[in-house]
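Structural description and commentary
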Amino acid sequence: SQTIHQWPATLVQPVGSPLSLECTVEGTSNPNLYWYRQAAGRGLQLLFYSVGIGQISSEVPQNLSASRPQDRQFILSSKKLLLSDSGFYLCAWGGQGSYNEQFFGPGTRLTVL
Amino acid sequence: QKEVEQNSGPLSVPEGAIASLNCTYSDRGSQSFFWYRQYSGKSPELIMSIYSNGDKEDGRFTAQLNKASQYVSLLIRDSQPSDSATYLCAVRRDSSYKLIFGSGTRLLVRP
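Predicted model only: the values in this text are computed from it and were never measured. Positions within a chain are numbered from 1, following the residues in the order the chain's sequence is written. For naming, the first written chain is A and the first written ligand is 1, with later ones following in the order written. Per-residue local features of the predicted model are confined to residues with pLDDT of at least 70, and side-chain atom pairs are confined, for both listing and counting, to 80 or more; whole-chain, interface and lining totals are unaffected and use all residues. Hydrogens are left out, water is left out, and the side-chain values use all remaining heavy atoms of the structure.

Re the sheet that holds strand 1 (residues 4-5) of chain B
Residue and element names in this part refer to chain B. Put simply, the rule is: DSSP-based pairing: two strands are paired if at least 2 bridges between them are found. We count a stretch as a helix when DSSP gives it H or I for four or more residues in a row; a strand needs E for two or more, and each element gets its number in order from the N terminus.
Here we have 5 strands laid out as an open sheet, ordered 1-3-8-7-6, and antiparallel in their pairing. The open sheet is flanked by strand 1 and strand 6 (54-58), the only strands paired with a single partner. Where strand 1 lies against strand 3 (residues 19-25), 2 bridges are found, and the strand directions are antiparallel. Pairing of E5 across the sheet is with T24, part of strand 3.

Dropping the structure here:
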C-alpha cells in the first residue's frame, strides 16, 4: 500500500530564516506530487505540483520554491520566510490515471515569528 | 463566483440523524468529484469519489452527483459524534492534474 511521509511535523522559524520541508511517497512509482498550504480557518491553496522528476508547476507567485530531485521526493523551500508563510503545509500524491484521486500526508505546521 | 462553493456551516445535527452536505461548482467541464474529511489539526482524508451522475454508496456515506445542475452532495446516515469534522468538496476539471477545493463545511454531531 502507498504511504506518504512529511517532516518535520511542527516547525517554528524566525522571519527571514530559510525553510526546507520534505515529502516522500512509498509504494507507488511516478506519482503526481502536490504542495498545498492551508492558513488557519481557510481552504486549501495549491502551491506547486509535479508530474515527474525535475518538472515543477507553480500556482501562486511567492517566495517559495519546490523541487523534485527523485521520483518519490518533493521538497518545498524558501530562502527567507515571511510572517504570511505561517500555515499548515500539506503534501499530496496522485496517480497518473484519469481519476486523479489525491491522498494527503500528515502535514507540517509552520509558525513564523 | 467561486469555482467550488460550500456553506461554511456549522451544520449541527443530532446523533443518529442524516447529515446532508452540499457543494456547487462552476465549470461544466468538471469530470471528477471528491469528498474529503478533515478533523481539526489533521490532514484531509479522502472518503468518497464520484465520476458519473447518480448516487454512490459506501457504508454510511452516499455521494450524489447531478452534472446538469452542477451539484454534488454527501449524505451521512446515522451520524455519529466522531463524524464531527470539516468536509471538503473537490472538483477536477477535464484533462487537469489539479483539484479545486471548496472552503469546507463544518459538521457538528450532537450526542
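A closer look at the pairing of strand 6 of chain B
All names here are of chain B. Bridge analysis of strand 6 against strand 7 (residues 61-66) gives 5 bridges, and the strand direction is antiparallel. Following the sheet pairing, G54 is matched in strand 7 by L65. Between strand 6 and strand 7, which pair antiparallel and follow one another directly, the connecting turn spans 2 residues, one of which, G59, has a positive phi of 65 degrees.

Digging into the pairing of strand 9 (residues 87-94) of chain A
Two faces make up the sheet, and in a regular strand the side chains alternate between them. All names here are of chain A. In plain terms, the rule: Remark: exposure states derive from per-residue accessible area (1.4 Å probe, protein chains only) relative to the maximum for the residue type, with buried under 20%, exposed over 50%, and partly exposed in between.
Here strand 9 lies mainly inside the structure; 8 of its 8 residues are buried. The pairing of strand 4 (residues 32-38) with strand 9 spans 7 bridges and is antiparallel. In the strand pairing of strand 9, R37 is matched with Y89. As paired elements, strand 9 and strand 11 (residues 108-112) share 3 bridges and run antiparallel to each other. Each bridged residue has a counterpart across the sheet, and for Y89 the counterpart in strand 11 is T108. Bridge count between strand 9 and strand 10 (residues 102-104): 3 bridges; the pairing is antiparallel. The residue bridging W93 from the neighbouring strand is F103, located in strand 10.

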